[in-house]
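The primary structure of each chain is shown beneath.
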Amino acid sequence: MGLFKAKKEEEVRTIGVLTSGGDAPGMNAAVRAAVRTAVHAGMKVKGIRRGYSGLLEEDFIDMTTRSVSDIIQKGGTILYTARCPEMLRPEGPEKAAYICRKNGIDALVVIGGDGSYRGALEISKHGVNVVAIPGTIDLDVASSDYTIGFDTALNTAMEAIDRVRDTSASHERCSIIEVMGRKAGHIALWCGIANGAEEILIPERYDYEEQNIIDRIAERKKLGKKLHIIINAEGVGDSNGMAKRIEAATGLETRATIIGYIQRGGSPTCRDRVFASAMGARAVDILIAGAENRAICFRKGEFTDIDLAEAIAMKKDIDTELWDISRKLCR
Ligand code: ADP
């Protein structure tokens, strides 16, 4: 770990922990790890409920080792989460920083997605130290190859798709299954490969030439294929419309299934529990070591941390190697 010694007067004595934006399974493991690492180091921890909304309303709870008992296996977030429009106005982050200072919070640990990172950066500009942890099922935090909740969401979606596949196979249907991911196609790509889909539509690569899909379905039908699974990313959307058009054009009974929020809940997988724990602990460890305004990441197989502003400026594409592989397997 690259550590730099903090000056005595800058020592972090009290941290605030919050979860923000969309909830993700494993957030609780990160909260638990941050709280226990901090308490073990003699720090005080204030849990902030409902993300930045709770921060602006001073909705705090003092947290101890016991406050985070029996939560590692639970989905969602015990701290609740929210979207907070007030943070988008210039006075929001300024007020948040003022409230931190007023309550003796020396540093904030923010667990959330891209938007939450931006909020954290804005608060840091008003002099409050922040560390951000990537928590989102969508994997769309550019600075990290892993985000908390992605693995659980993938496995939930994969199982749901298997079930739809069984019924589609029995009825010899075409199925369009829409998975979450906001503007990113990571969940769709992974599930497309894991579920052996015939088509994977992701916003990063889809050309919106629906006729090409229709032609390929007709071709496969001619070759005797009875089952057609199309995994469609939320960022492409319009699954119901697509189903109607494909049915009309191919004569194949076509159904759309939008998996929706089922993908956000549930007990986190082992990977999400362990990685979230590592990230939560690291966030506090680097604060103890004197780090300022950092983003925790998992990059090239290692846990690390980088400057928060740099993290936000980064862009992420789909995994091109996986995409290329999927092109060979979707036939
Ligand atoms: P996620 O963190 O999952 O990407 P959002 O994009 O909804 O979720 O962001 C969560 C919250 O972060 C927002 O409700 C808002 O309070 C704050 N936020 C998002 N973008 C900004 C920004 N540019 N400046 C300040 N705060 C922001």
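Peer 1: Please give an account of the domain arrangement of the protein chain that cites residues and values.
Peer 2: How big an interface is tends to be reported as the loss of accessible area on association of its parts. Under the domain assignment used here, the protein chain contains domain 1 (14-149 + 268-313) and domain 2 (150-264). Buried surface at the junction of domain 1 and domain 2, both sides included, amounts to about 1,300 Å², of which 51% is carbon and sulfur. Arg-182 is the partner of Asp-138 in a salt bridge, and the nearest nitrogen-oxygen pair spans 3.5 Å. Viewed at the interface, domain 2 and domain 1 are joined by 11 residue pairs in polar contact (both at pLDDT 80 or more). Of the residues that constitute the side of domain 1 that touches domain 2, the class distribution is 5 nonpolar, 5 polar and 6 charged.

Peer 1: Quick one: what's the story with helix α1 (residues 27-40), residue by residue and with numbers?
Peer 2: Taking 1.5 Å per residue as the helical rise, α1 with its 14 residues ought to reach 20 Å, and the 20 Å between its terminal C-alpha atoms agrees with that figure. Burial runs high along α1: 10 of the 14 residues are buried. Restricting attention to buried positions, one finds in α1 the residues Met-27, Asn-28, Ala-29, Ala-30, Val-31, Ala-33, Ala-34, Val-35, Thr-37 and Ala-38. Positioned one or two residues after α1, Gly-42 has a phi angle of 85 degrees, which is positive.

Peer 1: Before we move on, could you go through helix α6 (residues 186-194) and cite the residues and values that matter?
Peer 2: When α6 is considered as a whole, its buried residues turn out to be His-186, Ile-187, Ala-188, Leu-189, Cys-191 and Gly-192. Buried positions along α6 lie against α5 (150-171), β6 (174-179), β7 (199-201), β8 (228-233) and α11 (320-329). A positive backbone phi angle near 60 degrees is found at Gly-196, which sits one or two residues after α6.

Peer 1: Quick rundown of the nonpolar core? Include the residues and the values.
Peer 2: Counting residues in hydrophobic clusters, the biggest one holds 61 residues, and the most contacted among them are Ile-15 and Ile-111. When we break this core down by domain, the ones giving at least three residues each are domain 1 (14-149 + 268-313) and domain 2 (150-264). Beyond its immediate stretch of four places on either side in the chain, Ile-111 contacts Val-17, Leu-18, Thr-19, Ser-20, Met-27, Ala-30, Val-31, Ile-133, Gly-135 and Ile-148. Core analysis: the second largest hydrophobic core is formed by 29 residues, Cys-84, Ala-97, Leu-121 and Ile-123 among them.

Peer 1: Go over the sheet that holds β8 with me, naming the residues and quoting the values.
Peer 2: By way of backbone hydrogen bonds, the strands of a sheet pair with one another, either parallel or antiparallel. Strand order across the open sheet formed by 4 strands is β7-β8-β6-β9, with parallel pairing between neighbours. Each edge of the open sheet is held by one strand with a lone partner, namely β7 and β9 (254-258). Looking at each pair of strands side by side, their axes are set apart by 15 degrees on average, direction ignored. Here 3 bridges tie β7 to β8, and the two strands are oriented parallel to one another. Counterpart to Ile-200 in the pairing with β8 is Ile-231. Those strands touched by α6 are β6, β7 and β8, and its axis lies near 175 degrees from that of β7. On top of the sheet, helix α7 (residues 210-222) reaches β6, β7 and β8; it is set at about 160 degrees to β8, its chief contact.

Each value, and the rule that gives it
Residues numbered from 1 in each chain as written. Predicted model: local features only at pLDDT ≥ 70, side-chain atom pairs only at ≥ 80, totals over all residues. Heavy atoms only, no water. Domains from an automatic or database assignment. Buried area = accessible area lost by both parts, 1.4 Å probe. Salt bridge = Lys/Arg side-chain N within 4 Å of Asp/Glu carboxyl O. Polar contact = N/O pair within 3.5 Å; in protein donor to acceptor, adjacent residues only side chain to side chain. Nonpolar A, V, L, I, M, F, W, Y, C, P; charged D, E, K, R; others polar. Helix = DSSP H or I, 4+ residues; strand = E, 2+ residues; numbered from the N terminus. Expected span 1.5 Å × (residues − 1). Buried < 20%, exposed > 50% of the residue type's maximum accessible area, 1.4 Å probe, protein only. Contact = heavy atoms within 4.5 Å. Core = buried A, V, L, I, M, F, W, Y, C linked by side-chain atoms within 4.5 Å. Pairing = 2+ DSSP bridges. Axes fitted to C-alpha atoms, helices over the stretch in contact; angles between N-to-C directions.

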